[in-house]
Amino acid sequence: MSSVPWLTILGVVPLLGALLVAFVPGGAENAKRVALGTSVVTLVIGVVAALQFDRGSSAQFQLGELHSWIPQFGVSYALGVDGIALVLILMALVLTPVCILAAWHDVPEEAGPRGAQRVKTYFALLLVLETFMVGVFAATDVFLFYVFFEAMLIPVYFLIGRFGGPRRQYAAMKFLLFSLAGGLVMLVAVIGLGIQGPGGAEGFLVERLTGLQMDPTTERLLFVGFFLAFAVKAPMVPVHTWLPDAATESTPATATLLVGVLDKVGTFGMIRFCLQLFPEASRWATPVVIALAVVSIIYGALLAIGQTDMMRLISYTSVSHFGFIVLGIFAFTSTGNAGSNLYMVNHGFSTAALFLFAAMLVRRRGSKRIPDFGGWQRVTPGLAGIFLVAGLSGLALPGLSSFVSEFLVLVGSFPTQPVAAVIATTGIILAALYILLMYKRVMTGPKPEGIVGEREHARLDEHGRRGLSLVRDLTTREKVVAVPIIAAFLVLGFYPNLALNVINPAVDKTLTVVKTADPSVNPAGTLAEGSSK
């Protein structure tokens, strides 16, 4: 156990910050500054905690905390992280202040105390969500994981339902119903798992539930209960339909955290619980899961190509990308699993870039419809540049972070799932189509009429400016939002070992439990020197 409760501190700080934001005296600006400051402090604490992590340790979980919570039911307040959970928590901690800064003007500031309180509520909910994101990745008690898994729905529901677009109530309710349905099925499976387990005051700890000898039918039923909830969250075809509505109607910051972080709970859960607790059932279900993953890759990409709503297009790209992640997980090779875990991190930053940079365009144009754009690189060249970088990351251009993870997934999947890996490669071609076509339609072509950029505006006299609308390029705040995201593309693109060295030992331990591949045979090891072999 850790002498300093780092993980509890990471959860408590944003929760206290949310209370402070909700009741801070003064106007909305004070609340925004407190929210941003709280998220930055949480990130600093997270980095300090990460420095205590020993990737050479033989223990599965580190920075652990264990306290009795409901001993009559075997439930503990148990936290801990392996390399997979650690990198996902750090990704969430980085994206939260980025999203808060990007969301500075997401909520229209209405006059009076009610308008200010509305802004305060929005930013307080973002911090509450950060608390639950840390908790769900850090929980090492299955029941505690379920509590955080369901608790995340509360702030997201209100963030969509109160602050989203015209169809926000429909989107929020659809998100809630899908998530609750999956969660209730998982609750039945959690109870069933507890009955199968050793019992006692700490009966729901992951380490005590690993390696149980169960009847094959029972194990398969429990696997299906967990997997269905994670497939909804992931999201996988055919239980993905809530995502485009939720992400399109959300504010950009909410959509980023929803797709970039919260949806990773689905694929993280497949690794932590499906593979580790139900290894035999995982192998039994592999053909169906692989088929669904490939369908998600192709179907999501094809739907993205046909979209005219920019935010909806980006949502469908994530359906395709999650297919790659699931494919790598159920390939049962260390290379494929390492690629999937790295993909989760890289997809988080890639999604953040696409949603947040697209929102900058939408705010200037006043429309999400792609046909309403065209020629905007002549008006906002800086914004066009970062939007292009975000798109290139989305299509996995070599040199950017997504390329490494996608390459590892495909290379790792081919030895065990050659047909699926070959079909999945078509997703790369489709990704180039939906990204480059979107960029072409939005940014290239003749300059839009009635709009003028800053440079051209400066050259015109007063008479020439009449009837023209000035559109400014990137502001200082928007540049600050873009810098850490693009830096993540480049750092993890050229030095993926930064994450892989932490991820690989955890991957090896998981595959040792599943016993379907030799963890020591890891082609990704050339990228992950120092990993546990």
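Preceding this section is the structure that the text describes.
Residues numbered from 1 in each chain as written. Predicted model: local features only at pLDDT ≥ 70, side-chain atom pairs only at ≥ 80, totals over all residues. Heavy atoms only, no water.

Chemist: Please set out the pairing of strand 1 (residues 62-70) residue by residue, giving values where relevant.
Modeler: Alignment of strand 1 against strand 2 (residues 75-81), held across 6 bridges, turns out to be antiparallel. Within strand 2, the position partnered with I70 by the bridge is V75. Hairpin connection between strand 1 and strand 2: a loop of 4 residues separates the two successive antiparallel strands, and G74 in this loop has a positive phi of roughly 75°. (Pairing = 2+ DSSP bridges. Helix = DSSP H or I, 4+ residues; strand = E, 2+ residues; numbered from the N terminus.)

Chemist: Let's hear about the layout of surface pockets: which residues, and what values?
Modeler: Space inside the largest pocket adds up to approximately 600 Å³. Taken together, 24 residues form the lining of the largest pocket, with V87, L90, L492, L498 and A499 sitting closest to its centre. The residue makeup of the lining of the largest pocket, split by class, is 21 nonpolar, 2 polar and 1 charged. Considering only enclosed or pocket space, the second largest pocket measures out at about 390 Å³ in volume. Along the wall of the second largest pocket there are 23 residues; nearest its centre are D106, S250, T251, P252 and K368. Considered class by class, the residues forming the lining of the second largest pocket number 11 nonpolar, 7 polar and 5 charged. (1 Å grid on protein atoms, 1.4 Å probe; cavity = no way out; pocket = protein on both sides within 12 Å on 5 of 7 lines; lining within 4 Å. Points joined across faces, edges and corners; volume = space filled by probe spheres on them. Nonpolar A, V, L, I, M, F, W, Y, C, P; charged D, E, K, R; others polar.)

Chemist: Let's hear about empty space enclosed by the protein: which residues, and what values?
Modeler: According to the stated counting rule, one finds 4 cavities of 30 Å³ or more in the structure shown. Reported here for the largest cavity is a volume of approximately 100 Å³. Looking at which element gives the most residues to the lining of the largest cavity, the answer is helix 22 (residues 497-514), with 4 residues. Estimates place the volume of the second largest cavity at around 70 Å³. If you go around the second largest cavity, the residues you meet are A102, D106, P252, L356, A359, M360, R363, R477 and E478. Looking at the lining of the second largest cavity, the elements with two or more residues in it are helix 15 (334-365) and helix 21 (476-494). Considering every element that reaches the lining of the second largest cavity, the biggest residue donor is helix 15, with 4 residues.

Chemist: I'd like a rundown of a nonpolar patch on the surface, residues and numbers included.
Modeler: Together, V12, L16, L19 and F23 make up an exposed nonpolar region whose accessible area comes to about 430 Å². As for its position among the elements, L16 is in helix 1 (residues 6-23). For L16, a relative accessible area of 53% gives the class exposed. (Patch = residues over 30% accessible without salt bridge, like charges linked within 9 Å, V, L, I, M, F, W, Y side chains within 5 Å. Areas by Shrake-Rupley, 256 points an atom, 1.4 Å probe, with all protein chains shown as cover. Salt bridge = Lys/Arg side-chain N within 4 Å of Asp/Glu carboxyl O. Buried < 20%, exposed > 50% of the residue type's maximum accessible area, 1.4 Å probe, protein only.)

Chemist: Provide a residue-level description of the pattern of salt bridges, including the pertinent values.
Modeler: For the coordinates displayed, the defined rule picks out 9 salt bridges. With a closest N to O distance of 2.9 Å, R272 and D82 form a salt bridge. Of this pair, R272 sits in helix 12 (residues 264-277) while D82 sits in the loop between strand 2 and helix 3 (83-102), and the two are 190 residues apart along the sequence. Comparing R272 with D82 shows no difference in burial state: the two are buried. Because the salt bridges share partners, they merge into one network encompassing R167, K174, D245 and R312.

Chemist: Can you explain the packing of helix 14 (residues 310-329) against helix 19 (residues 426-443)? Please cite residues and give values.
Modeler: The description of two packed helices rests on the angle between their axes and on the distance between the axes. Look at helix 14 against helix 19: their axes get within 11 Å of each other, and the N-to-C directions meet at 165°. One element, helix 14, and the other, helix 19, form an angle in the roughly antiparallel class. Regarding helix 14 and helix 19, the two cross each other, and that crossing is left-handed. In this structure, helix 14 uses M310, L313, T317, H321 and F324 to contact helix 19, whose residues at the interface are G427, I428, Y434, M438 and V442. Looking at the contact of helix 14 with helix 19 residue by residue, the class counts come to 7 nonpolar, 3 polar and no charged. (Axes fitted to C-alpha atoms, helices over the stretch in contact; angles between N-to-C directions. Parallel < 35°, antiparallel > 145°, perpendicular 65-115°, else oblique. Left-handed = near helix turned anticlockwise from the far one by under 90°. Contact = heavy atoms within 4.5 Å.)

Chemist: Give a detailed account of the side chain of K32, specifying residues and quantitative values.
Modeler: Tracing the chain through its elements places K32 in helix 2 (residues 28-50). At 2.6 Å, the side chain of K32 and the backbone oxygen of W104 are in polar contact. If sequence neighbours within four positions are ignored, K32 has contacts with W104, H105, E109, V119 and F123. (Polar contact = N/O pair within 3.5 Å; in protein donor to acceptor, adjacent residues only side chain to side chain.)

Chemist: Describe the nonpolar core, naming the residues involved and giving the relevant values.
Modeler: One finds V142, F145, F226 and F330 to be the most contacted residues of the largest nonpolar core, which totals 195 residues. The greatest single-element share of this core, amounting to 17 residues, is contributed by helix 15. With residues near it in sequence (within four places) discarded, F226 still touches V142, M186, A189, V190, L193, F273, C274 and F278. (Core = buried A, V, L, I, M, F, W, Y, C linked by side-chain atoms within 4.5 Å.)

Chemist: Talk me through unusual backbone geometry; I want residue IDs and the actual numbers.
Modeler: That bond from A234 to P235 is cis: its omega, -5°, falls within 30 degrees of zero. Residue P238 follows V237 across a cis peptide bond; omega there is 10°. Within the secondary structure, P238 is located in the loop between helix 9 (216-233) and helix 10 (242-249). At L63, a position not held by glycine, the phi torsion is positive, near 55°. With respect to the helices and strands, L63 occurs in strand 1. Overall, the relative accessible area of 8% leaves L63 in the buried class.

Chemist: An account of the packing of aromatic side chains is requested, with residue identities and associated values reported.
Modeler: For the structure on display, the rule yields 24 aromatic pairs. Seen in terms of ring centroids, F143 and Y146 are 6.4 Å apart; in terms of plane orientation they differ by 50°. Their pairing is tilted. Placement of both F143 and Y146 in helix 5 (residues 142-151) is noted, with a separation of 3 residues, approximately one turn of the helix. The partly exposed category is assigned to F143, whose relative accessible area is 22%. According to the relative accessible area criterion, Y146 is buried, its value standing at 9%. An aromatic cluster of at least three residues, connected via ring pairs, comprises F145, F149, F226, F230, F273 and F278. Over the ring of F149 we find K233, and its NZ or CZ is 4.8 Å from the ring centre. (Phe/Tyr/Trp six-rings, centres within 6.5 Å; stacked < 30°, edge-to-face > 60°. Lys NZ or Arg CZ within 6 Å of the ring centre and 35° of its normal.)

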